[in-house]
Amino acid sequence: MFLSRFIGRTALLAAAKSESSAAAAAASNPLEQFFEADKNPDDQKPVYGRSWKASELRLKSWDDLHKLWYVLLKEKNMLMTQRQMLHAQNLRFPNPERVPKVRKSMCRIKQVLTERAIEDPDPRRSLETLSASIFVFVMVAT
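A quick note: this is a predicted structure, and the numbers were derived from the prediction, not measured.

(A) Spotlight on the packing of helix 4 (residues 62–88) against helix 5 (residues 98–119). One can describe the packing of helix 4 onto helix 5 by two numbers: an axis separation of 10 Å at closest approach and a directional angle of 155°. With respect to each other, helix 4 and helix 5 are oriented roughly antiparallel. In this structure, the crossing between helix 4 and helix 5 has a hand that is left-handed. Contact residues: helix 4 offers Trp62, Leu65, Leu68, Trp69, Leu72, Leu73, Glu75, Lys76, Met78, Leu79 and Met80, while helix 5 offers Arg98, Val99, Val102, Arg103, Ser105, Met106, Ile109, Lys110, Val112, Leu113 and Arg116. Each residue belonging to the contact of helix 4 with helix 5 can be placed in one class, and the counts come to 15 nonpolar, one polar and six charged.

(B) Spotlight on the pattern of salt bridges. Overall, the coordinates contain three salt bridges when judged by the stated rule. Among the ionic pairs, arginine 98 bridges to glutamate 75, the shortest N-O distance being 2.4 Å. Here glutamate 75 lies in helix 4 and arginine 98 lies in helix 5, a separation of 23 residues in the sequence. A relative accessible area of 25% places glutamate 75 in the partly exposed class.

(C) Quick look at the confidence of the model for the chain. Mean pLDDT for the chain: 74, with 56% of residues reaching 70 or above. By mean pLDDT, helix 2 (residues 22–26) is the weakest element of the chain at 43, and helix 3 (residues 54–57) is the strongest at 93.

(D) Highlighting the environment of valine 112. Summarising the element assignment, valine 112 is placed in helix 5. Exposure remark for valine 112: the relative accessible area of 1% places this residue in the buried category. Taking the C-alpha atoms as reference points, valine 112 and leucine 59, separated by 53 residues in sequence, lie 9.7 Å from one another.

(E) Quick peek at unusual backbone geometry. One non-glycine residue, asparagine 90, lies in positive phi territory at about 60°. Mapped onto the elements of the fold, asparagine 90 is located in the loop between helix 4 and helix 5.

(F) View of the environment of valine 102. Note on placement: valine 102 falls in helix 5. With 33 residues separating them in the primary sequence, valine 102 and tryptophan 69 have C-alpha atoms 9.7 Å apart. Setting aside chain neighbours within four positions, we find valine 102 in contact with Leu72, Glu75, Lys76 and Leu79.

About the thresholds
- Residues numbered from 1 in each chain as written.
- Predicted model: local features only at pLDDT ≥ 70, side-chain atom pairs only at ≥ 80, totals over all residues.
- Heavy atoms only, no water.
- Axes fitted to C-alpha atoms, helices over the stretch in contact; angles between N-to-C directions.
- Helix = DSSP H or I, 4+ residues; strand = E, 2+ residues; numbered from the N terminus.
- Parallel < 35°, antiparallel > 145°, perpendicular 65-115°, else oblique.
- Left-handed = near helix turned anticlockwise from the far one by under 90°.
- Contact = heavy atoms within 4.5 Å.
- Nonpolar A, V, L, I, M, F, W, Y, C, P; charged D, E, K, R; others polar.
- Salt bridge = Lys/Arg side-chain N within 4 Å of Asp/Glu carboxyl O.
- Buried < 20%, exposed > 50% of the residue type's maximum accessible area, 1.4 Å probe, protein only.
- pLDDT = per-residue confidence, 0-100.

Given below as structure tokens:
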């Protein structure tokens, strides 16, 4: 099983590598991000972390949430690529429990950003509303 997985991944990576330019050969291939690094078969099954909690995400800044979203998106793409590749070879996906963890974390990031948008609407809109209410107050007071 490991050998057929390794051969399939190696063939796909070899096909993706560009050997037309020396600069492309020197730089790492961007397609390698879609594949998990090969592990030694003697190693134990790795333990993966849990999904992010909404309470933890509420403490993060917008920039941190944006970076975390991008990391989770890359992880999701890597898992989906690996699952599709193994499915094409009639092999079992080794860690199916990772996919729901990534999806839950992404949904929770959306939830936190939605909560922030509801709590603090667009500042430009609130400025327009404030200036309109001041204008009405001045008109009524005079």
